[in-house]
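Each chain, written out:
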Amino acid sequence: MKPSRWLARHVLMDLTPLRRSRDYRALVGGLGVSTLGNQLTQVAVPWQVYTLSHSTLFVGLASLAQLIPLIIGSLLGGSLVDSRDRRALLLTVETLGALLSACLAVNSDLGPALWPLFVFPAAQAATSGIDSASRNAMVPSLVGMDLVPSANAIFQSLNQLGTVAGPAAGGVLLAGAGVKAVYWVDVASFAVALVSVFTMSPQPPTGSGTTRPGWRSMLEGFRFVGRSQELQGAYIIDVNAMVFGMPRALFPALATSVFGGGATAFGLLQAAPGAGALIGAVTTGWVGRVRRQGLAVIAAVIAWGIAITLFGLVRWLPLALVLLAVAGWADVISAVFRNTILQVSAPDKMRGRLMGVHMAVVAGGPRLGDLESGAVADAFGNTASVVSGGLACVAGALLIAKALPGFRHHQSPALASSADRAGDAEPESDSVG
């Protein structure tokens, strides 16, 4: 076999889900555009808050104002996802997102006032939890269980590409066209996503019984998690890694005091994990052949912790960036397998709630991590904070593996390799059960 063919089949991202399902192609197309638009707004809002208030405290408060709505929207939205047609929900939340971005654009044109920069992004954060839970809950029914890891890898690649390209594009637009133009571009991205989702077939949850959205439904989801070590492990190990394993709050201090590069070094430290994650996402052609997915998550989190520990010990910026990129690579591999475990370990009628809890964890974990790393750094120094956090991440992963054997031993059914899939004669379908 030629090296190029081997690389395409076994290393590069498996695109079979896009070939197999028209509905999945539409979902991915809308996600890619809306992710980029969302990243543009994530750049524009803090910039505008600072230009109006000249206060970094207000910038932090504007970000904090989005946390509680995001968590509540994710948890309650998950129960909504399990009770309604998921395509219809996506159409609704994308429409709301476009209207909220339009409100930000109008505010920029008419005033601007400061309070809309707190209220409208907070409302968007609440709807984003429903959006993410809906998209992730439909994946198994769109592509089939055997392609869930590959489908998640495609999602991750789009998210990481948006994380890398969005801020850069946002900065260019802010400098050239102004903040109002950024918001209108985001409105246009929502419009593209709406058209993409509109072309999909209806996606109602399957299974017996009717789920009524609300607190009781949410609590039912928590009880379901309490009965499954696989799901508990997927959530807890992610919290462990985010709280201890990513000292992003220390990057400004490290850029100045350790690497002596100031703002330039800070920008590189910020970008390195995302660059590594993007490389990891586009080289996931092998993930569909991994059966011991729980063990794979544990190994990825341990690799993450080791990379962060070594990062805390080095004083040469290029090596530090490589280690952060390795950590980002391990993070995206962990995310692919964690999402897969969540999606395949529950019936379809429960997936929305599980993905809602996942969104809440993803939203809260990094902020707790900022608090942990900053507090330890204040008490013992930056190096001690980074190194101890990396070691705690490794130790936490090992403890979770020992305490939750159901998670450690989780296996997926045997999956076909990408080479086998390429030769399948199975016709394209709207969705695969």
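Here, the structure is the one placed above.
None of these values were measured; they are calculated from a predicted model. (Residues numbered from 1 in each chain as written. Predicted model: local features only at pLDDT ≥ 70, side-chain atom pairs only at ≥ 80, totals over all residues. Heavy atoms only, no water.)

Undergrad: Run through the overall build of the protein chain, naming residues and quoting values.
TA: Within the protein chain, the regular secondary structure consists of 19 helices and zero strands. Every one of the 433 residues in the protein chain was classed for burial, and the buried ones make up 53%. Within the protein chain, residue pairs in contact and separated by at least 24 positions form 87% of the contacts whose partners lie at least 6 positions apart. When the accessible surface of the protein chain is split by element, carbon and sulfur atoms take 69% of a total near 17900 Å². (Helix = DSSP H or I, 4+ residues; strand = E, 2+ residues; numbered from the N terminus. Buried < 20%, exposed > 50% of the residue type's maximum accessible area, 1.4 Å probe, protein only. Contact = heavy atoms within 4.5 Å. Areas by Shrake-Rupley, 256 points an atom, 1.4 Å probe, with all protein chains shown as cover.)

Undergrad: Any details on the packing of aromatic side chains? Residues and values, ideally.
TA: A full pass over the atoms with the stated rule returns four aromatic pairs. Ring-pair connections join several aromatic residues into one group, and the members of that group are Phe251, Phe259 and Phe311. Directly above the ring of Phe198 sits Arg87, whose terminal nitrogen or CZ lies 5.4 Å from the centroid. (Phe/Tyr/Trp six-rings, centres within 6.5 Å; stacked < 30°, edge-to-face > 60°. Lys NZ or Arg CZ within 6 Å of the ring centre and 35° of its normal.)

Undergrad: Any details on the side chain of Asn136? Residues and values, ideally.
TA: Relative to the assigned elements, Asn136 resides in helix α7 (residues 116-143). Residues in contact with Asn136, not counting those within four places in the same chain, are Asn152, Phe155, Asn339, Gln343 and Met355.

Undergrad: Explain the nonpolar core residue by residue, including any values.
TA: In terms of nonpolar packing, the biggest core is built from 89 residues, with Tyr24, Tyr235, Ile237, Leu269, Phe311, Leu354 and Phe407 touching the most fellow members. Of all the elements, helix α15 (residues 317-344) adds the most residues to this core, at 13 residues. Ignoring sequence-local partners within four residues, the contact set of Tyr235 consists of Val225, Leu342, Leu354, Val357, His358 and Val361. Counting 15 residues, the second largest nonpolar core, distinct from the first, contains Leu40, Val49, Phe120 and Tyr183. (Core = buried A, V, L, I, M, F, W, Y, C linked by side-chain atoms within 4.5 Å.)

Undergrad: Account for the pattern of salt bridges, naming residues and giving values.
TA: For the structure shown, the criterion picks out six salt bridges. The closest approach of N and O atoms between Arg20 and Asp146, which form a salt bridge, is 3.3 Å. Taken as a pair, Arg20 in helix α2 (residues 16-20) and Asp146 in the loop between α7 and α8 (148-176) lie far apart in primary sequence, 126 residues in all. Between Glu94 and Arg135 there is a salt bridge, with the nearest N and O atoms lying 2.6 Å from each other. Of the two residues, Glu94 is situated in helix α6 (residues 86-110) and Arg135 in helix α7; the sequence distance between them amounts to 41 residues. For Glu94, a relative accessible area of 1% puts it in the buried group. A relative accessible area of 2% places Arg135 in the buried class. (Salt bridge = Lys/Arg side-chain N within 4 Å of Asp/Glu carboxyl O.)

Undergrad: Provide a residue-level description of a nonpolar patch on the surface, including the pertinent values.
TA: There is a patch of nonpolar side chains on the surface, built from Leu57, Phe58, Leu61 and Leu64 and spanning about 370 Å² of accessible area. Topologically, Leu61 is positioned in helix α4 (residues 56-64). Note on Leu61: relative accessible area 37%, which makes it partly exposed. (Patch = residues over 30% accessible without salt bridge, like charges linked within 9 Å, V, L, I, M, F, W, Y side chains within 5 Å.)

Undergrad: Can you explain helix α5 (residues 67-81)? Please cite residues and give values.
TA: In this model, α5 (15 residues) spans 20 Å end to end at C-alpha, consistent with the 21 Å of a helix rising 1.5 Å per residue. Along α5, the positions that sit buried rather than exposed are Leu67, Leu70, Gly73, Ser74, Leu75, Gly77, Gly78, Ser79 and Val81. (Expected span 1.5 Å × (residues − 1).)

Undergrad: Account for the environment of Ser385, naming residues and giving values.
TA: Residue position: Ser385 is located in helix α17 (residues 382-403). In this structure the C-alpha to C-alpha distance between Ser385 and Phe244, which are 141 residues apart in sequence, comes to 9.1 Å. Not counting the four nearest positions on each side in its chain, Ser385 is found in contact with Leu250, Ser373, Val376 and Ala377.

Undergrad: An account of the packing of helix α11 (residues 229-245) against helix α16 (residues 348-380) is needed here, citing residue identities and associated values.
TA: Between α11 and α16, the least distance of the axes is 7 Å, while the angle of their chain directions is 25°. Of the possible angle classes, the one that applies to α11 and α16 is roughly parallel. Regarding α11 and α16, the two cross each other, and that crossing is right-handed. Where α11 abuts α16, its residues Leu231, Tyr235, Asp238, Val239, Met242, Val243 and Phe244 lie against Leu354, Val357, His358, Val361, Val362, Gly365, Pro366, Leu368, Gly369 and Glu372. Across the contact of α11 with α16, the residue classes tally to 12 nonpolar, three polar and two charged. (Axes fitted to C-alpha atoms, helices over the stretch in contact; angles between N-to-C directions. Parallel < 35°, antiparallel > 145°, perpendicular 65-115°, else oblique. Left-handed = near helix turned anticlockwise from the far one by under 90°. Nonpolar A, V, L, I, M, F, W, Y, C, P; charged D, E, K, R; others polar.)

Undergrad: Go over the environment of Ala241 with me, naming the residues and quoting the values.
TA: Here Ala241 lies in helix α11. Between the alpha carbons of Ala241 and Val301 there is a distance of 6.6 Å; along the sequence they are 60 residues apart. Once residues lying within four places of it in the same chain are set aside, the contact partners of Ala241 are Met246, Val301, Trp304 and Cys393.

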